Structures are given as structure tokens and as C-alpha cells.
Amino acid sequence: MARRGISAEMSSIIMAVGASAAAFLFLKYMPNYSPEANWVRGLPGWLALGYITIQLWLLLDSALRIRPTSMIDAVLAIAPVVTGIVCLVLWMVDNLHLSLFQLNALAMLTVTGVVEFVSTLWVRNVVLQRGVSMMPQGTM
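Residues numbered from 1 in each chain as written. Predicted model: local features only at pLDDT ≥ 70, side-chain atom pairs only at ≥ 80, totals over all residues. Heavy atoms only, no water.

(A) The overall build of the protein chain, seen in detail. For the protein chain, the helix and strand inventory stands at 5 helices and 0 strands. When the helices and strands of the protein chain are listed from N to C terminus, the series reads α-α-α-α-α. Counting over 140 residues, the protein chain shows a buried share of 33%. Restricting to contacts in the protein chain with at least 6 residues of sequence separation, those with at least 24 account for 87%. Counting only carbon and sulfur atoms, one obtains 71% of the accessible surface of the protein chain, whose full area is about 9300 Å². (Helix = DSSP H or I, 4+ residues; strand = E, 2+ residues; numbered from the N terminus. Buried < 20%, exposed > 50% of the residue type's maximum accessible area, 1.4 Å probe, protein only. Contact = heavy atoms within 4.5 Å. Areas by Shrake-Rupley, 256 points an atom, 1.4 Å probe, with all protein chains shown as cover.)

Here's what the structure looks like:
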């Protein structure tokens, strides 16, 4: 049987960690960046929309499989949220200098990460009922 490539879960993990790393590097090494062209100002919103669309597609792809899914994907789905919160705290204590464009991009990253994380938990724990549960002995 031929292997078809990386799984939907692994693709989702790579995207979440990659988006978090790219966002942090952009905010850290391009302080106070403000785009010259007006069309660039809408780019964070379109990137966030594309990111969440692909992530939801990968989530549904892995949810429709019969095989068990790992919890690593669910755990790492929060990476963009954590990155957003850390960058926000660094900005608040004046260790990270951000323009309004970058603050908008940071908000898009954080909100999109929350949507991804909640969707992942909802699909895995409510729809598929593959969450971890602790039941007292003898209740079944």
C-alpha cells in the first residue's frame, strides 16, 4: 500500500506552529511596520480567512476518518492564541513596538486562533466524542 503523504492532522499542526512562528517573527523583526500600498492593509483579514478555511477543512478531513485521532493536534491548535497573547503582553509592557497595521494583524491572529481551537475541541469532544473522560468505576 502506497503512502499518500502527510496526514491532515500533521498538516494542521504544521500550519498552526508555522503561522505562530511567522507572526512572531514579523512582529518582532519589523517594528512599527506600516504598508505603503493600501491593498496590503486588507491582507491580514484575507490571510486569516484562508487560514481558518484550510484548518476547518483539515479538521473535517481528520474527523471523517475511522482511525483514532491524536490529541496533539488539539493541544497545538492553541499555539496562535498563545502567540497572540504573548505578543499583546509584550506590546503592553513596551517590549514590542507595533503599528496599527500590526495590531490589526495581531488581533486577526488571536481571534482566528480562538476559532480554530474552539472548533477543534468542539468537533473532537462533542461531535466525535473522542475526548478524555473520567468515569467512576462501576457506572457502566
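Alright, that's what it looks like, and here's the rest.
(B) Main features of a nonpolar patch on the surface. Together, Ile-85, Leu-88, Val-89, Trp-91, Met-92 and Val-93 line one region of the surface with nonpolar side chains, adding up to about 560 Å² of accessible area. Following the sequence through the fold, Met-92 ends up in helix H4 (residues 79-92). We classify Met-92 as exposed; its relative accessible area is 60%. (Patch = residues over 30% accessible without salt bridge, like charges linked within 9 Å, V, L, I, M, F, W, Y side chains within 5 Å. Salt bridge = Lys/Arg side-chain N within 4 Å of Asp/Glu carboxyl O.)

(C) Inspection of empty space enclosed by the protein at higher detail. Summed over all chains, the structure comprises 1 cavity of 30 Å³ or more. Counted as a void, the largest cavity has a volume near 40 Å³. Among the elements that line the lining of the largest cavity, the one with the most residues is helix H2 (residues 43-63), at 3 residues. For the lining of the largest cavity, the residue count by class is 2 nonpolar, 3 polar and 2 charged. (1 Å grid on protein atoms, 1.4 Å probe; cavity = no way out; pocket = protein on both sides within 12 Å on 5 of 7 lines; lining within 4 Å. Points joined across faces, edges and corners; volume = space filled by probe spheres on them. Nonpolar A, V, L, I, M, F, W, Y, C, P; charged D, E, K, R; others polar.)

(D) Spatial organisation of the nonpolar core. Counting residues in each nonpolar core, the largest one holds 7 residues, listed as Ala-23, Leu-27, Cys-87, Leu-96, Leu-98, Leu-106 and Leu-109. Mapped by element, the contributors of at least two residues to this core are helix H1 (8-29) and helix H5 (100-127). With residues up to four places along the chain from it excluded, the contact list for Leu-106 reads Leu-27, Gly-84, Cys-87, Leu-88 and Leu-98. (Core = buried A, V, L, I, M, F, W, Y, C linked by side-chain atoms within 4.5 Å.)

(E) Fine view of the packing of aromatic side chains. A complete count under the given rule lists 3 aromatic pairs for this structure. When the centroid spacing of 5.8 Å and the interplanar angle of 75° are considered together, the rings of Phe-26 and Tyr-33 count as edge-to-face. Relative to Phe-101, the ring of Tyr-33 lies with its centre 5.8 Å away and its plane at 65°, an arrangement referred to as edge-to-face. Of this pair, Tyr-33 sits in the loop between H1 and H2 while Phe-101 sits in helix H5, placing them 68 residues apart in sequence. Ring pairs connect the aromatic residues Phe-26, Tyr-33 and Phe-101, which therefore count as one cluster. (Phe/Tyr/Trp six-rings, centres within 6.5 Å; stacked < 30°, edge-to-face > 60°.)

Without other data, these values stay purely geometric and don't point to any function.
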